[in-house]
Amino acid sequence: MTSPDDFIDGTPVGRDARDAAPTIRRTSSAFGSPGTDSTVRRLDLNDAFIRHPDATFVMRAAGTAMQAAGIDDGDVLLVDRALTAVHGSVVIAVVEGDLVCRRLEQPAGGPARATALRLAAADPAVAPIAITAETPLEVWGVVTTVIKSLA
């Protein structure tokens, strides 16, 4: 029978190439009893990723226009509506009634040159969306986190 002292927190995983031979270590293939280990703390994903709970929404990405920015088709996006979009922010914007995920680009010269704003895809083959009087900018929210499924 093993005791909780047999399992050391922070034991390195794998080994360096300079190690001559693997060492024998006891490992656990289960999480153990919550009552026996008071050092294990649950991670609350809401606390870790959501700054403004009342203004954060979950969306699923569709398409490949932002793939080079790390956003793939089907990824889950956390979108914060309380944040102000700035140059370089990945945003969800309303364009002709549709929601699109793009990077906000503002040229040097600041807000005075608002007519030169554009929404750019990470894929250079996708044309940027110029912000004009005919297509005003409506930022729905700022993408703060991308959640990927690896399975």
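Here's a quick rundown of the structure. The model shown is predicted, which means the values in this text are computed figures rather than measured ones. (Residues numbered from 1 in each chain as written. Predicted model: local features only at pLDDT ≥ 70, side-chain atom pairs only at ≥ 80, totals over all residues. Heavy atoms only, no water.)

**Some thoughts on the packing of aromatic side chains**
The geometry of an aromatic ring pair is captured by the separation of the ring centres together with the interplanar angle, meaning the angle of the planes.
Then step 1. Applying the stated rule across the entire model yields one aromatic pair.
Then step 2. Stacked on the ring of W140, the Lys or Arg R81 has its end atom at 4.3 Å from the ring centre. (Phe/Tyr/Trp six-rings, centres within 6.5 Å; stacked < 30°, edge-to-face > 60°. Lys NZ or Arg CZ within 6 Å of the ring centre and 35° of its normal.)

**Overview of unusual backbone geometry**
Then step 1. The backbone phi angle of E96 is positive, close to 50°, even though this residue is not glycine.
Then step 2. When you line up the elements, E96 lands in the loop between β3 (90-95) and β4 (98-105). (Helix = DSSP H or I, 4+ residues; strand = E, 2+ residues; numbered from the N terminus.)

**Remarks on the layout of surface pockets**
Any empty space left between the atoms is revealed when a probe the size of a water molecule rolls over them.
Then step 1. For the second largest pocket, the calculated volume is near 230 Å³.
Then step 2. Contributing to the lining of the second largest pocket are 15 residues, with A61, A62, L99, V100 and C101 lying nearest its centre.
Then step 3. Taken together, the elements giving at least two residues each to the lining of the second largest pocket come down to β1 (56-60) and β4.
Then step 4. In terms of residues, the lining of the second largest pocket owes the most to one element, β4, which gives four residues.
Then step 5. Counted by class, the lining of the second largest pocket contains 11 nonpolar, two polar and two charged residues. (1 Å grid on protein atoms, 1.4 Å probe; cavity = no way out; pocket = protein on both sides within 12 Å on 5 of 7 lines; lining within 4 Å. Points joined across faces, edges and corners; volume = space filled by probe spheres on them. Nonpolar A, V, L, I, M, F, W, Y, C, P; charged D, E, K, R; others polar.)

**Remarks on the environment of T145**
Then step 1. Within the fold, T145 resides in strand β7 (residues 139-147).
Then step 2. What makes T145 buried here is its relative accessible area of 12%.
Then step 3. Each C-alpha atom of the pair T145 and V79 lies 7.4 Å from the other, and the pair is 66 residues apart in sequence.
Then step 4. Setting aside residues no more than four positions away along its own chain, T145 makes contact with F49, V76, L77 and L78. (Buried < 20%, exposed > 50% of the residue type's maximum accessible area, 1.4 Å probe, protein only. Contact = heavy atoms within 4.5 Å.)

**Here's the deal with the sheet that holds β4**
Then step 1. Pairing is antiparallel in the open sheet, where seven strands are placed in the order β1-β2-β7-β3-β4-β5-β6. What marks the edges here is a single partner per strand, and that holds for β1 and β6 (129-130).
Then step 2. Looking at chain direction, strand β5 (residues 118-120) and β6 are connected through two bridges and run antiparallel. Its bridge partner being in β6, R118 is matched across the sheet by A130. (Pairing = 2+ DSSP bridges.)

Any link to function would need more than the numbers given here.
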